[in-house]
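# Commentary on secondary and tertiary structure
Given next are the chains, with one letter for each unit.
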Number of protein chains: 2
Amino acid sequence: MTEASPLGIIAGAGSFPLALARAATAQGRPVFGLLLKGIAGRELEAYPHAWVGIGRFGAMVGHARKAGCRDLVLIGSLVRPYLWTTIPDLGALKALPELIRLYRGGDDHLLRGIAAIFERQGFRLLAAQDVAPELLMPSGPLGGRSPGDDDWADIAVACRAIAALGPYDVGQGMVIGQRRIVAVEGAEGTDGMLERCAAMLEGGRLRWPRGNGILVKAPKPGQDRRVDLPAIGPATVEKAAAAGLRGVAVVAGSTLVVDMQEVIRTADRLGLFVVGVEGQAAA
Amino acid sequence: MTEASPLGIIAGAGSFPLALARAATAQGRPVFGLLLKGIAGRELEAYPHAWVGIGRFGAMVGHARKAGCRDLVLIGSLVRPYLWTTIPDLGALKALPELIRLYRGGDDHLLRGIAAIFERQGFRLLAAQDVAPELLMPSGPLGGRSPGDDDWADIAVACRAIAALGPYDVGQGMVIGQRRIVAVEGAEGTDGMLERCAAMLEGGRLRWPRGNGILVKAPKPGQDRRVDLPAIGPATVEKAAAAGLRGVAVVAGSTLVVDMQEVIRTADRLGLFVVGVEGQAAA
């Protein structure tokens, strides 16, 4: 009866939680939202839900059990919490030594550890893309534009550089142009990196004309695909355009896309390519 | 008579050109400044000099020959020029196809190529540290503070990550804390990266208390040590303090330090460590 049990959506910020809830509902599957206080948007209040604090594992488990959930999905963006400022409950306190250890290992370890904690409570942690494969980036271009030979060479260089940083839990996104990587994504996130490129272009620090440069995002090798795939949406394309870039390249089948139709419209309106790169080409 | 010929200093921005001119003069060696228009400071006008445009290799070669220079040093920071906005002279035009090829390969290729162009004109391109070894970072701490065990572990992780990015001509500097790399240096430069960390700390995106995090800088493997060593100065320590960091770690013998006494005073005043890491420990 796993399939008929409500899908528990532990919802962070952004548009993905709602997109997932809609996709599940369209499949006839009921949904129960575990909405992270101060982080999730209110759109999921349209579904059965409970608001929970980010450190309160015990409460999440309790709500999920009461709602009859067997399967959970962790989705949406989380600004990494400063552990000591969250108010942990009993369930979290039991896991605290493990959480502290995980916390020091970077985002990837943290998320994988949270998954393991839920699994030990008897839940199955699913990937959003397993529930709603239509959220995954397809191979090839979205919209009317495609990368040229020169762009493909840049994309390959950036994908190799992202892979080289794989063991370090940083640098899932880069901006490259004319074979030169000009920005590497850290804790500022993709949006922050694109805003920096826009400022560098404006200030003359990036001395290339508008219409150069590509945003490349790829998952880290060994990343837990259930909880931490790279993601893009219409806002990503808009910020890339503001940074003067010519396109966006992400790994097909390993990137979540929110509102694909709007991504296509935005890309075509602003004259950027948005392309899904085959994993082999990216590796 | 090479030693008695004036040392030609092709001067970019910042304090290093003057520090080098002073060091050479103190050794009894005359100096001739080739000051890059719009980039170099006016302090070197106290020495025999000529102002030259950045693309004007022919003019540089002419001035240097006329002044009797045999040895040249390229020193000071350069914002990477957008090639087409510089006004090349005949000397540069002859080298243009080579420059374009180099330009596409990243900073490291560009600088190495410029060195080769001067060498073909009969000059010897020296490293600043060969002329003035006192500009090099020594091993161990400058000032009163030293890294703890936890800091050393962070420094080692960042050094490995910098080495992993070595082939990609990016990421010579990183900020790390609690084993997590939070910022990677791109075209924005070290100062830009530190300003970003200060903003992330301020905005709550970096959720660690002040006094966490370390700036780590290391040369890229294969970097031409004559033209592109990492550099720090008092301003680096000030910006690291403003970002809430606890220290600065650079590779001993492979990092230029402008005004070492002032770096020590600034570090002690602001309570940061500044440490020279042995190459082996860094590798």
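Computed from a predicted model, the values in this text were never measured in an experiment. Per chain, residues are indexed from 1 in the order of the written sequence. Following the order in which they are written, the chains are lettered starting with A and the ligands numbered starting with 1. Reporting in this predicted model follows two pLDDT cut-offs: at least 70 for local features of residues, and 80 or more for side-chain atom pairs to be given and counted; totals over whole chains, interfaces and linings ignore these cut-offs and use all residues. No hydrogens and no water enter the side-chain calculation; it runs on all heavy atoms of the structure.

Quick look at the side chain of E188 of chain A now. Tracing the sequence through the fold places E188 of chain A in the loop between β8 (180–184) and α7 (189–203). By relative accessible area, which is 8% here, E188 of chain A ends up buried. N or O atoms closer than or at 3.5 Å make up a polar contact, with two conditions inside protein: a donor-capable atom paired with an acceptor-capable one, and, for residues adjacent in sequence, both atoms drawn from side chains. Here R196 of chain A takes part through its side chain, which lies 2.9 Å from a polar atom of the side chain of E188 of chain A. Any two residues whose heavy atoms approach within 4.5 Å at even a single point are treated as in contact. With near-sequence residues (within four places) excluded, E188 of chain A lies in contact with M193 and R196 of chain A together with V182, R196, M200 and R205 of chain B. Strands here are runs of E lasting at least two residues and helices are runs of H or I lasting at least four, both read from the DSSP assignment and numbered beginning at the N terminus. Burial classes follow relative accessibility: with a 1.4 Å probe on protein chains only, a residue under 20% of its type's maximum area counts as buried, one over 50% as exposed, and anything between as partly exposed.

This part takes up the pattern of salt bridges. Should their charged atoms come close, side chains of opposite charge can pair. Residues and elements named next belong to chain A. For this analysis, a salt bridge means a side-chain nitrogen from Lys or Arg found within 4 Å of a carboxyl oxygen belonging to Asp or Glu. Taken as a whole, this structure holds 22 salt bridges over all chains when the rule is applied. Here R179 makes a salt bridge to D154, at a shortest N to O gap of 2.9 Å. With R179 in the loop between β7 (173–177) and β8 and D154 in helix α6 (residues 149–164), this pair connects stretches of sequence that are 25 residues apart.

With that settled, consider the sheet that holds strand β5 (residues 124–126) of chain B. Residue and element names in this part refer to chain B. Pairing is parallel across the open sheet formed by five strands, whose spatial order is β3-β2-β1-β4-β5. Each having just a single partner strand, β3 (49–52) and β5 make up the two edges of the open sheet. Mean inter-strand twist for the sheet, computed between neighbouring axes without regard to direction, equals 25°. Sheet analysis places strand β4 (residues 71–75) next to β5, joined by three bridges and oriented parallel. Across the sheet, L72 pairs through a bridge with L125, a residue of β5. The angle between two axes is taken between their N-to-C directions and runs from 0 to 180 degrees, where each axis is a line fitted to C-alpha atoms and a helix contributes only its stretch in contact. In this fold helix α1 (residues 16–26) packs onto β1 (7–11), β2 (31–36) and β4, with an angle of close to 170° to the strand it touches most, β1. Contacts between helix α2 (residues 57–66) and the sheet are confined to β1, β2, β3 and β4, with β2 contributing the most and set at about 165° to the helix. A pair of strands is considered paired only if DSSP assigns at least 2 bridges between the two.

We now examine the state of the cysteines. Residue and element names in this part refer to chain A. In plain terms, two cysteine sulfur atoms within 2.5 Å form what is called a disulfide here. Taken as a whole and assessed by the stated rule, the structure comprises zero disulfides over all chains. C159 forms no disulfide, and the closest cysteine sulfur to it belongs to C197, at a distance of 16 Å. Look at C159 and you get buried, because its relative accessible area is 4%.

Okay, the nonpolar core next. What makes a nonpolar core is a set of buried Ala, Val, Leu, Ile, Met, Phe, Trp, Tyr and Cys residues whose side-chain atoms join them at distances within 4.5 Å. Grouped together as the largest cluster of nonpolar side chains are 42 residues, with contacts concentrated most on I155, L165 and V216 of chain A together with I155, L165 and V216 of chain B. In contact with L165 of chain A, other than residues within four places in its own chain, are V170, G171, M174 and V184 of chain A together with A161, L165 and M174 of chain B.

With that settled, the discussion passes to the packing of helix α8 (residues 234–242) of chain B against helix α9 (residues 260–270) of chain B. All names here are of chain B. In contact at an axis separation of 8 Å, α8 and α9 are set at 15° when each is read in the N-to-C sense. Taken together, the axis directions place α8 and α9 in an arrangement best described as roughly parallel. The way α8 lies across α9 gives a crossing that is right-handed. Contacts between α8 and α9 involve P234, V237, E238 and A241 on the former and, on the latter, E262, V263, T266, A267, R269 and L270. Looking at the contact of α8 with α9 residue by residue, the class counts come to six nonpolar, one polar and three charged. Here roughly perpendicular refers to angles of 65 to 115 degrees, roughly parallel to angles under 35, roughly antiparallel to angles over 145, and oblique to all remaining angles. Two helices cross in a left-handed way if the nearer one is turned anticlockwise from the farther one by less than a right angle. They cross in a right-handed way if the turn is clockwise. Note on residue categories: nonpolar means Ala, Val, Leu, Ile, Met, Phe, Trp, Tyr, Cys or Pro, charged means Asp, Glu, Lys or Arg, and polar means any other residue, Gly included.

Residues and elements named next belong to chain A. Among the five residues that make up strand β13 (residues 273–277), five are buried, leaving the element largely enclosed by the rest of the structure. Because side chains alternate across β13, one face comprises the buried residues F273, V275 and V277, and the other comprises V274 and G276, equally buried. With three bridges connecting them, strand β6 (residues 140–142) and β13 associate as antiparallel partners. Bridge pairing links G140 to G276 in β13. Bridge count for strand β11 (residues 247–251) against β13 is five bridges, and the pairing is parallel. The residue of β13 that forms the bridge with V248 is V274.

Turning our attention to the pairing of strand β1 (residues 7–11) of chain A. All names here are of chain A. By the criterion of burial, β1 is predominantly enclosed, with five of the five residues buried. Side chains L7, I9 and A11 of β1 all project onto a buried face; the interleaved residues G8 and I10 project onto the opposite face, where all are buried too. In the sheet, β1 pairs with strand β4 (residues 71–75) via five bridges, with the strands oriented parallel. In the sheet register, L7 faces β4, and the bridge partner there is D71. As paired strands, β1 and strand β2 (residues 31–36) are joined by five bridges and run parallel to one another. Among the inter-strand pairings, G8 is bridged to a residue of β2, identified as F32. Crossovers are described as right-handed under a simple rule: with the strands pointing away from the observer, the path leading from the first strand over the helix to the second runs clockwise. On the question of chirality, the crossover connecting β1 to the parallel β2 by way of helix α1 (residues 16–26) is right-handed.

With that out of the way, let us pick up the confidence of the model for chain A. Residue and element names in this part refer to chain A. Confidence scores labelled pLDDT are given residue by residue by the predictor and lie between 0 and 100. The share of residues in chain A with pLDDT of 70 or more is 82%, and the mean pLDDT across the chain is 84. Segment residues 80–88 is flagged for pLDDT under 50; beyond a separation of four residues in sequence, or across chains, it makes 23 contacts in the model. Note on residues 102–106: pLDDT is under 50 here. Beyond four places in sequence and across chains, it has 16 contacts. Interface confidence in the predicted complex, given as ipTM, is 0.78; pTM for the same model is 0.80.

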